[in-house]
Amino acid sequence: DKAKIQMRQYIQDLKMGAQFVWAGKQVEECDCGITGELIHAPHLQLAIDDYAKSIEMQILDDQIDKTRVYKITSTKGSDVGKVNGLVVVGGSTGDVITVTAWIRKVKEHERADFVVTGMPTEADTWMQNSVRTVRTTIYRLYGIDIGKDYYTHVSFLQSDPKSVDGPSAGITMTLAIMSWLGDPRIPEADRAPVLIRQDTAITGTVENMGMDGEQDTKVGPIGGVFEKVYGASKWGATRVIIPMENYNHNWFESPLFKKVKVHGASSVLQYFDMLRTALND
């Protein structure tokens, strides 16, 4: 039984290669004039690269396709206060959740608030801890308290609060707010809102740690990287930013990710710079 399980993927590749032969499918990458009824290496390579997937990957595809029709997530253009974050839903499915922020400075402190919707409201959850860390991170970078000096509303659009929880939403919330506040490294009088690339999806946990004395905050590693990157590619994102500790794995060269470019970053400001529309890939 163990041997059968180990051979499932190879058998699936062979079946798909055979279907290419039976259908007379052209193998574009090969100029060797292969014909006949036998399976050759180019057929298998095409099956492995583009078609043959494990049962788990097929389940991921099906779940993403079912949600795509009603979600307003976009991977085109640019916007202010709008960031595409990566999550794992149900413990196995990578997905893209759009996080938006709206922030305005208030004169009366009683009008100030920091509201987050579309996430668990229980006090002792990963997400609630992330909200607190985001507030601290903005204070470290800008010297302002977004809960006392501003009215701030962060939304996890079209998300189920019961199914979304984890520390990896911290960087997404932080950058959505920073998009409105502008670059903290320039004088406040010269700051302006920064456009965020919508073709880029991100994940990472914001840690309450500085970066070697710099005006910056560390972004730490997260789980579910494979599922998240695959979910991003299925949604049409062409760029993904993940924590540098996760980036050290070399499986991003897999054919499954050939349509998406994965970048690694270690700090909030590194993420911020990579998300600017003016930067090249």
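We now turn to the structure provided with this report. (Residues numbered from 1 in each chain as written. Predicted model: local features only at pLDDT ≥ 70, side-chain atom pairs only at ≥ 80, totals over all residues. Heavy atoms only, no water.)

## Quick notes on the nonpolar core
Heads up, the condition is: For the purposes of this section, nonpolar cores are sets of buried Ala, Val, Leu, Ile, Met, Phe, Trp, Tyr and Cys residues that join through side-chain atoms within 4.5 Å. Here the term buried applies to any residue with accessible area under 20% of the maximum for its type, exposed to any over 50%, and partly exposed to those in between, with areas from a 1.4 Å probe on protein chains only. Per the convention used, a helix needs a DSSP run of H or I reaching at least four residues, while a strand needs a run of E reaching at least two, with both numbered from the N terminus. A contact between two residues is defined here by any heavy atoms of the two lying within 4.5 Å.
Core analysis: the largest hydrophobic core is formed by 38 residues, its most contacted members being Ile138, Val154, Met173, Leu175, Ile177 and Met178. Listed by contribution, the elements that provide at least two residues to this core are β2 (82-89), β3 (93-105), β4 (113-117), α4 (126-142), β5 (150-156), α5 (170-181) and α8 (268-275). Element by element, the count of residues in this core is highest for α5, at seven residues. Excluding its chain neighbours within four sequence positions, the residues that come into contact with leucine 175 are Val83, Ile202, Val268, Tyr271, Phe272 and Leu275. Val96, Trp235, Phe257 and Val262 belong to the second-largest nonpolar core, a separate cluster that totals 15 residues.

## As for the pairing of β5
Inclusion rule: Two strands are counted as paired when DSSP detects at least two bridges linking them.
Burial within β5 is extensive, with five of its seven residues counted as buried. The pairing of β3 with β5 spans seven bridges and is classified as antiparallel. Paired with lysine 105 across the bridge in β5 is tyrosine 150. Sheet analysis places β4 next to β5, joined by five bridges and oriented parallel. Across the sheet, valine 116 pairs through a bridge with valine 154, a residue of β5.

## Observations concerning the pairing of strand β11 (residues 261-265)
Judged by how many residues are buried, β11 sits mostly within the fold: four of five residues are covered. Here strand β10 (residues 239-243) pairs with β11 via five bridges, running parallel. The partner of arginine 239 across the bridge, within β11, is lysine 261.

## Here we look at α5
Definition in use: One fewer than the residue count of a helix, multiplied by 1.5 Å, yields its expected span.
Here α5 is 12 residues long and its end C-alpha atoms lie 17 Å apart, about the 16 Å a rise of 1.5 Å per residue gives. Among the residues making up α5, those that are buried are Gly170, Ile171, Thr172, Met173, Thr174, Leu175, Ala176, Ile177, Met178, Ser179 and Leu181.

## With respect to the pattern of salt bridges
Note the following rule: Salt bridges are defined by distance alone: a side-chain nitrogen of Lys or Arg within 4 Å of a carboxyl oxygen of Asp or Glu.
Under the counting rule described, the total for this entry stands at eight salt bridges. Salt-bridge contacts for aspartate 273 lead to arginine 185; the nearest nitrogen and oxygen are separated by 2.7 Å. Taken together, the positions of aspartate 273 in helix α8 and arginine 185 in the loop between α5 and β6 (195-197) put the pair 88 residues apart, joining distant regions of the chain. Notably, a salt bridge pairs glutamate 245 with lysine 218, separated by 2.8 Å at the nearest N-O pair. Taken together, the residues glutamate 245 in helix α7 (residues 244-247) and lysine 218 in strand β9 (residues 214-220) connect sequence positions 27 residues apart. A single network of salt bridges, built from pairs that share partners, joins Asp183, Arg185, Asp273 and Arg276.

## With respect to the packing of aromatic side chains
To keep it simple, the criterion reads: A pair of aromatic rings is counted whenever rings of Phe, Tyr or Trp (Trp by its six-membered ring) have centres within 6.5 Å, and the orientation is called stacked for planes under 30 degrees apart, edge-to-face for over 60 and tilted otherwise. Whether a charge lies above a ring is judged from NZ of Lys or CZ of Arg, which has to be within 6 Å of the ring centre and within 35 degrees of the ring normal.
Going through the model one piece at a time under the given rule, you end up with one aromatic pair. Taking NZ or CZ as reference, arginine 104 lies 5.0 Å from the ring centre of tryptophan 180, over its face.

## Brief notes about the side chain of threonine 217
You can see threonine 217 is positioned in strand β9. Residue classification places threonine 217 among the buried residues on the basis of a relative accessible area of 0%.

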